[in-house]
Amino acid sequence: PMKAVFFSLVLATLLAVSHAMMQPHAAAPLNSVCGLSVNGKHLDLTPLFAKNGSYLIHTKNYTYEIQVCANVKTSFPAKCTTPSPANEIDPTTGACTYLGDITTVAWDESPDKDGVYVTYYHGQLDGRVYHRMTRIYFMCNPKVELGEIVFEHETNRDQYHFAFPTKYACF
């Protein structure tokens with residue numbers, strides 16, 4: 001039985017490696033929190049880390065806090081108690097909702113090859129069946145070091161979408 005378990009583990013590893021090698025356009029993590037490598041080109045978002053703890057985005061109904069490469073150092077410590085790379089704060093009630101988990105991040109090159117999507121999964125449960133998630137579209141703009149972060153929309157499945165133009169998203 002011990003040999004069979006060992007053989008199964010070796011076979012599973014070989015299959016996983018061979019599958020990954022057959023994916024010519026697959027993104028490989030450079031640092032799963034802050035960068036990646038695609039087809040030999042490297043991307044590092046470390047320079048976008050907000051030194052004051054987070055970027056604040058104000059909309060008509062909410063304030064959002066976003067951090068790049070780390071969890072937010074919140075401006076609302078009494079309400080935002082769960083570590084997260086993104087928070088939604090209701091300015092009328094002070095309620096804080098965490099919108100993702102830094103340890104469950106996925107990177108995808110944009111279909112137009114003009115940047116990357118960084119998605120943080122496993123945010124706060126919405127009270128029904130969905131966990132909130134944040135998707136930040138880092139758009140390549142070679143002329144802009146740090147563009148204005150825009151809240152784009154929230155889907156009916158509690159997915160929060162932001163756009164962030166920057167030269168650091170250019171391959």
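In case you missed it, the structure is sitting above this.
Residues numbered from 1 in each chain as written. Predicted model: local features only at pLDDT ≥ 70, side-chain atom pairs only at ≥ 80, totals over all residues. Heavy atoms only, no water.

A short note on the side chain of D126
Where we set the bar: Strands are runs of DSSP state E lasting at least 2 residues, helices are runs of H or I lasting at least 4, and numbering of each runs from the N terminus. The classification of residues rests on relative accessible area computed with a 1.4 Å probe and restricted to protein chains. Under 20% of the type maximum is buried, over 50% is exposed, and intermediate values are partly exposed. Any N or O atom pair separated by 3.5 Å or less is treated as a polar contact, with the protein-specific requirement of one donor-capable and one acceptor-capable atom, and with residues adjacent in sequence counted only for side-chain atom pairs. A contact between two residues is defined here by any heavy atoms of the two lying within 4.5 Å.
In this fold, D126 is placed in the loop between β9 (115-120) and β10 (133-140). Under the relative-accessibility criterion, D126 is labelled buried at 13%. For D126, the side chain forms a polar contact with the main-chain nitrogen of V129, separated by 3.3 Å. Once residues within four sequence positions are removed from consideration, D126 is found in contact with R132 and D158.

Describing empty space enclosed by the protein
The cut-off we apply is this: In this analysis a 1.4 Å probe is tested at points of a 1 Å grid over the protein atoms alone, and where it fits but cannot get out there is a cavity; an open set with protein on both sides within 12 Å along at least five of seven lines is a pocket; lining residues have an atom within 4 Å of a point. Grid points are joined across faces, edges and corners, and a volume is the space filled by probe spheres set on the points. Under the scheme applied here, ten amino acids are nonpolar (Ala, Val, Leu, Ile, Met, Phe, Trp, Tyr, Cys and Pro), four are charged (Asp, Glu, Lys and Arg), and all others, including Gly, are polar.
Under the defined criterion, the tally for this structure stands at 1 cavity of 30 Å³ or more. Every residue along the wall of the largest cavity is listed here: V33, L45, Q67, V68, C69, W107, V118, Y120, I136 and F138. Looking at the lining of the largest cavity, the elements that each hand over two or more residues are β9 and β10. Grouping the amino acids of the lining of the largest cavity by side-chain chemistry returns 9 nonpolar, 1 polar and no charged.

Details of the packing of aromatic side chains
We describe a pair of aromatic rings using the distance from one ring centre to the other and the angle between the two ring planes. Using the following cut-off: The criterion for an aromatic pair is that two Phe, Tyr or Trp rings (for Trp, the six-membered ring) have centres within 6.5 Å, with stacked assigned to planes under 30 degrees apart, edge-to-face to planes over 60 apart and tilted to the rest.
Counted under the stated rule, the structure contains 8 aromatic pairs. Between Y64 and F151, the ring centres sit 4.7 Å apart and the planes meet at 10 degrees, which makes this aromatic pair stacked. One end of the pair, Y64, is in strand β5 (residues 63-66); the other, F151, is in strand β11 (residues 150-154), with 87 residues separating them in the sequence. The exposure class of Y64 is buried, given its relative accessible area of 2%. Judged by centre distance (4.7 Å) and plane angle (20 degrees), the rings of Y117 and Y137 are stacked. Of this pair, Y117 sits in strand β9 while Y137 is found in strand β10, placing the two residues 20 residues apart along the sequence.

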